[in-house]
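Below, each chain spelled out in residue letters.
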Amino acid sequence: MAQLRDGFQSRLGFVLAASGAAVGLGNIWGFPTQAANHGGGAFLLVYFIVIFFLALPALYTELYLGHKAQANPVKALRQAWQEQAPQVGAAAGYLGLAGAIVMLSFYSIVAGWMLAYALEPIASFFGFTTVSAFLHTDSMARNFVFTPLMLILTASIILKGVKSGIETWSRRLMPMLLVLLVVLIAYIATLDGASEGFAAYLVPDFSQILDPGLIIAAMGQAFFSLSLGVGCMMIYGSYLQPDANLPRLTASVALLDTGVAFLAGLLIIPAIYVAQHNGVQVFSDGKLVGEGQLIFAILPQLFNTMGEIGLLVGLLFFVLMSIASLTSTISSTEIPVAFLVENHQVERKKATFLVSLTVLAASSLIIFNFDWLFGLVIMVLTQYQLPLMGLFYFITVGWLWRRGNQLNEAASGMRYWFAQYIRYVCPILMTAVFANVAFG
């Protein structure tokens, strides 16, 4: 029953946990490169508009589904579709469940890389050259050491439940992440070349503002950066008190997540230009390099040019990345764990063990077939499942869920117009994102 479920004990605890779920490598790694390659300040402006008009309603919709049902995504979506086709809702819930496992399977590998890179400066400082080489050299052995380590870290928090595990650790990790971001920005800002990076990031190139490529990139980034589409926000919404102020909480989570993405840009883009000033090649075909090449090649090269202080800066940066990874793996792991606990009455400890074992098996499959499977898994999840599930949530809340759905019952004033916006406009915008991300 709902009153027997574990849950968040404070508004701040929820906001930090949900923001932690949303704040991931996409914010700190993907967002800055997208911004730099799509008109800097022009991209930021479009991104903020898209957050307000598409990502914020999508976040509200997913939180709303979980909050009203006070249940995991499979139960919540079955309930939402109860009057039409409960099996369709349940199937979508299971698809989200599978998506969470798939996301964890590759995310845990990448999170393991972050952890390895965080430990490398320590090994270098103490002169452990063999260990240092192992930590920063890509290998199957390193993957099989650090992927399970990340799974164990995640499981140790999930084991303690929502209040004692997720909420407590989110209260610790998110402030650490914000402090590290600000400290690193302040230091990078003092270095030669940083001012050029700030200009590239913050000064709008308004000639690009109506570029379809920029608009679609901003729409895709806004949606993905809020961790929507696999049920993370739905399960967190279900742990809120029934009388929680959902619109205000939704705005708080979106604001914090967007703030972290913005700060990440203030760190990464100037750091890239500092690297260029120090002789590191950062452009390829006129575009700033992104993804793995940025994080695991250019930035470590930059830290190497800084001498002794570079060890500390590298350590802090990859600790930051490890925290961002961990807050995301926690939320994704809670989805299948909650499903096993609530739908199959499995004890939380056993459920956490079973989920971690399943993810380790899936991660191992990817590690053994890395060259072709890693990119494929990420593409299928981010380009197809996430936007389609977002579209499904809009249709569910806007058109199909009647019982207990205040969006469509006795709505008046702003609530009425918001309900119509969810029903008519959001599905069209979401379809446009999917079409352009998947087929563009």
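How each quantity is defined
- Residues numbered from 1 in each chain as written.
- Predicted model: local features only at pLDDT ≥ 70, side-chain atom pairs only at ≥ 80, totals over all residues.
- Heavy atoms only, no water.
- UniProt positions renumbered as here; feature names shortened; annotations may be inferred.
- Core = buried A, V, L, I, M, F, W, Y, C linked by side-chain atoms within 4.5 Å.
- Buried < 20%, exposed > 50% of the residue type's maximum accessible area, 1.4 Å probe, protein only.
- Helix = DSSP H or I, 4+ residues; strand = E, 2+ residues; numbered from the N terminus.
- Contact = heavy atoms within 4.5 Å.
- Arc of directions from axis to C-beta.
- Polar contact = N/O pair within 3.5 Å; in protein donor to acceptor, adjacent residues only side chain to side chain.
- Expected span 1.5 Å × (residues − 1).
- Salt bridge = Lys/Arg side-chain N within 4 Å of Asp/Glu carboxyl O.
- Disulfide = S-S within 2.5 Å.
- Phe/Tyr/Trp six-rings, centres within 6.5 Å; stacked < 30°, edge-to-face > 60°.
- pLDDT = per-residue confidence, 0-100.

The name given to the protein in an unreviewed UniProt entry is Sodium-dependent transporter, and the organism recorded there is Pseudoalteromonas rhizosphaerae. For the record of the protein, the UniProt heading Subcellular location (unreviewed entry) holds the text "Membrane".

Asks: How should the nonpolar core be read in this particular structure?
Replies: In this structure, Phe14, Tyr236, Ile295, Phe317 and Phe318 are the most contacted members of the largest nonpolar core, which totals 156 residues. When residues in this core are grouped by element, the largest group, 18 residues, is from helix H5 (residues 86-125). Setting aside residues up to four positions removed in sequence, Phe14 forms contacts with Phe8, Leu63, Tyr236, Gly237, Leu240, Leu249 and Val253.

Asks: Would you take a moment to explain helix H4 (residues 73-80) for this structure?
Replies: At 3.6 residues per turn, the α-helix brings residues three or four places apart onto the same side. What H4 keeps buried is the set Pro73, Val74, Ala76, Leu77 and Ala80. Along the long axis of H4, the arc covered by the buried residues comes to 165°, so they all point the same way. If you follow the buried residues of H4, they end up packed against helix H3 (41-69), H5, helix H11 (232-238), helix H14 (308-344) and helix H16 (370-400). The backbone nitrogen of Val74 lies 3.1 Å from a side-chain oxygen of the residue at the head of H4, namely Asn72.

Asks: Sorry, what's going on with helix H7 (residues 140-158) here?
Replies: Helix length check: H7 (19 residues) gives 27 Å between terminal C-alpha atoms against 27 Å at 1.5 Å per residue, within 8%. Every buried residue of H7 is listed here: Arg142, Asn143, Phe146, Thr147, Met150, Leu151, Thr154, Ala155, Ile157 and Ile158. Here the buried face of H7 lies against H5, helix H6 (129-136), helix H8 (161-188), H14 and helix H15 (348-368).

Asks: What is the right way to read the side chain of Asn143 from this model?
Replies: By the element assignment, Asn143 lies in helix H7. Judged by its relative accessible area of 5%, Asn143 falls in the buried class. Not counting chain neighbours up to four residues away, the residues in contact with Asn143 comprise Ile109, Trp113, Asp138, Pro148 and Ile367.

Asks: Please explain the pattern of salt bridges as it appears in this structure.
Replies: Enumeration over the complete set of coordinates arrives at 4 salt bridges. Ionic pairing is found between Glu167 and Arg171, a salt bridge with its closest N-O pair at 3.9 Å. Separated by 4 residues within a single helix, Glu167 and Arg171 lie in helix H8, roughly one turn from each other. Overall, Arg171 belongs to the partly exposed group, its relative accessible area being 38%.

Asks: How should I be thinking about the state of the cysteines in this particular structure?
Replies: Here, the word disulfide means a covalent bond between the sulfur atoms of two cysteines. All chains considered together, the criterion is met by 0 disulfides. Cysteine Cys232 shares no disulfide, and the gap to the nearest cysteine sulfur, in Cys426, comes to 20 Å. Taking relative accessible area as the criterion, Cys232 reaches 0% and is therefore assigned buried.

Asks: Looking at this structure, I do not really get the packing of aromatic side chains. What am I missing?
Replies: Working definition: an aromatic ring pair is given by the centre-to-centre distance plus the angle between the planes. This structure, assessed with the given rule, holds 32 aromatic pairs. Where Trp113 meets Phe374, the ring centres are 5.7 Å apart and the plane angle is 40°; that geometry is what we call tilted. Note that Trp113 is positioned in helix H5 and Phe374 in helix H16, a separation of 261 residues in sequence. Using a relative accessible area of 11% as the deciding quantity, one classes Trp113 as buried.

Asks: In this structure, what is going on with the confidence of the model for the protein? I would like to understand it.
Replies: Per-residue confidence for the protein gives a mean pLDDT of 90, with 95% of residues at or over 70. Within the protein, H15 carries the highest mean pLDDT (98), whereas strand S2 (residues 287-288) carries the lowest (72).

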